[in-house]
Amino acid sequence: MADSLKKKILVIGNQGYVGSVLVERLKQKTGNEVIGFDSGIYAKLITSKSDPDKYLDKHYVQDVRNFDPEILKDVKAVVYLAAISNDPMGNKYADLTKEINYLSCIKIANFAKKFGVERFIFASSCSVYGFAGNDAKKEDDKLDPLTAYAKSKIDSEESLYKISNDKFKVICLRFATACGMSSRLRLDLVLNDFVANAILFNEIKILSDGLAWRPLIDVKDMAKSIEWAIQVSNKKIEKNFLCLNAGSNNWNYKVVDLAKEVSKVIGPISIKVGEKKEIDKRSYKVDFTKFSKIAPEVDIDTNLNTTIKNLANGIKNIKFLNKNFRESDFMRLNMLKKYMGDSN
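How each quantity is defined
Residues numbered from 1 in each chain as written. Predicted model: local features only at pLDDT ≥ 70, side-chain atom pairs only at ≥ 80, totals over all residues. Heavy atoms only, no water. Pairing = 2+ DSSP bridges. Helix = DSSP H or I, 4+ residues; strand = E, 2+ residues; numbered from the N terminus. Axes fitted to C-alpha atoms, helices over the stretch in contact; angles between N-to-C directions. Buried < 20%, exposed > 50% of the residue type's maximum accessible area, 1.4 Å probe, protein only. 1 Å grid on protein atoms, 1.4 Å probe; cavity = no way out; pocket = protein on both sides within 12 Å on 5 of 7 lines; lining within 4 Å. Points joined across faces, edges and corners; volume = space filled by probe spheres on them. Nonpolar A, V, L, I, M, F, W, Y, C, P; charged D, E, K, R; others polar. Polar contact = N/O pair within 3.5 Å; in protein donor to acceptor, adjacent residues only side chain to side chain. Contact = heavy atoms within 4.5 Å. Phe/Tyr/Trp six-rings, centres within 6.5 Å; stacked < 30°, edge-to-face > 60°.

A. Focus on the sheet that holds strand S6 (residues 169-175). Judged by pairing direction, the sheet is parallel, and its seven strands sit side by side in the order S3-S2-S1-S4-S5-S6-S10 without closing on themselves. At either end of the open sheet lies a strand with only one pairing partner, and these are strand S3 (58-61) and strand S10 (241-246). Each strand of the sheet is rotated relative to its neighbour by a mean of 15°, with strand direction disregarded. Across five bridges, strand S1 (residues 8-12) lies against strand S2 (residues 33-38) in parallel orientation. Across the sheet, valine 11 pairs through a bridge with glycine 36, a residue of S2.

Structure, rendered in structure tokens:
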């Protein structure tokens, strides 16, 4: 690719679980100039033989709440991944979740618009559907945010819609629940948790009744989707703003069925359902038809068995043997508490 055709891409949250996979893909597949911006909380939590930051052309280690808009000079696209990234974190740090996931996102988006950035990609979440029953939710269906995390995603979507225009296109990708191996691993995700349990204890414990629906997406397919959002023609962005469920209709699972799949691939592994069998109100089956039609070139080709095998091999390769892994640095809440100096 000729230098004149290269784009400067700013990835905010590049040292996270998704960002670490994304920057490698962007550099290898597009040849674009890739700039990273991250607070550095998870910088040292590398679970691969090579540091994903080597794919960056430039890197800023800063807090999104103190973002310098001059960084946006000559940037063509911004990917906003920065987030207090799950419900336990959001429940403990509700105000921080609002600041990082929503207020900082919109502040930076407004800066980007003023600096002539052409494309803003926001990593949203299917968790905005909340307790959705058995009907697969489409983008225009009613939202039911049950947590601070989900509400922050909706607030960002709504504000980004208002500031989008023909020179500042916005794509919000409502991702299914992430899973799979990354060069910065997380084990506080449902499938990743099950695989870690299977390896360490030869059993899987489901804390709820296991009947909640979860759509999943491999982190590598998330990176593919974001790359598409950066490159896609403006003609496909409806009214300058496009909101899409990002995932595959083949990847809607009940939690208990995920445990069974892990047992088949790694096992046989015993599965224990929580004694109280509490109902998990965060249950949503999602329709990804619109995504498959608008983005047919995004081949969500990873199958669940492959994801489980790759994850299991990755965990074994890093020789992770911590039986108390829920107290380890692979749980994002633990790392955030350290960063905040919170011992509780």
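Once the structure has been displayed, the description carries forward.
B. Fine view of the sheet that holds strand S11 (residues 252-254). The three strands are arranged S7-S9-S11 in an open sheet whose pairing can be described as mixed. The open sheet terminates on both sides in strands that have one partner only, identified here as strand S7 (177-179) and S11. Put simply, the sheet's adjacent strands are angled 50° from each other on average, direction ignored. Across three bridges, strand S9 (residues 213-218) lies against S11 in antiparallel orientation. By the bridge assignment for S11, arginine 214 is matched with tyrosine 253.

C. Molecular detail of the pairing of S9. S9 sits mainly inside the fold: six of its six residues count as buried. Burial of S9 is two-sided: the residues Trp213, Pro215 and Ile217 facing one way and the residues Arg214, Leu216 and Asp218 facing the other way are all buried. Examined bridge by bridge, S7 and S9 share three bridges and lie parallel to one another. Across the sheet, alanine 178 pairs through a bridge with isoleucine 217, a residue of S9.

D. Structural view of the layout of surface pockets. Quantified by volume, the second largest pocket comes out at close to 500 Å³. At the level of secondary structure, the elements contributing two or more residues to the lining of the second largest pocket comprise helix H1 (17-30), helix H6 (219-231) and helix H9 (304-317). With five residues, the single largest contributor to the lining of the second largest pocket is H1. Grouping the amino acids of the lining of the second largest pocket by side-chain chemistry returns five nonpolar, 10 polar and six charged.

E. Expanded view of the side chain of asparagine 192. Its location among the elements puts asparagine 192 in helix H5 (residues 190-201). Here glycine 180 takes part through its backbone nitrogen, which lies 3.1 Å from a polar atom of the side chain of asparagine 192. In contact with asparagine 192, other than residues within four places in its own chain, are Tyr17, Cys179, Gly180, Leu185, Arg186, Leu187 and Leu311.

F. Quick peek at the packing of aromatic side chains. Counted under the stated rule, the structure contains six aromatic pairs. With a centroid separation of 5.2 Å and 85° between ring planes, the pair formed by tyrosine 161 and phenylalanine 241 is classed as edge-to-face. Of the two residues, tyrosine 161 is situated in helix H4 (residues 148-163) and phenylalanine 241 in strand S10; the sequence distance between them amounts to 80 residues. Taking relative accessible area as the criterion, tyrosine 161 reaches 48% and is therefore assigned partly exposed.

G. Representation of helix H10 (residues 332-340). Along H10, the residues that are buried comprise Arg332, Asn334, Met335, Leu336 and Lys337. Glycine 341 lies just past H10 and shows a positive phi near 70°.

That is the geometry; function is a separate question.
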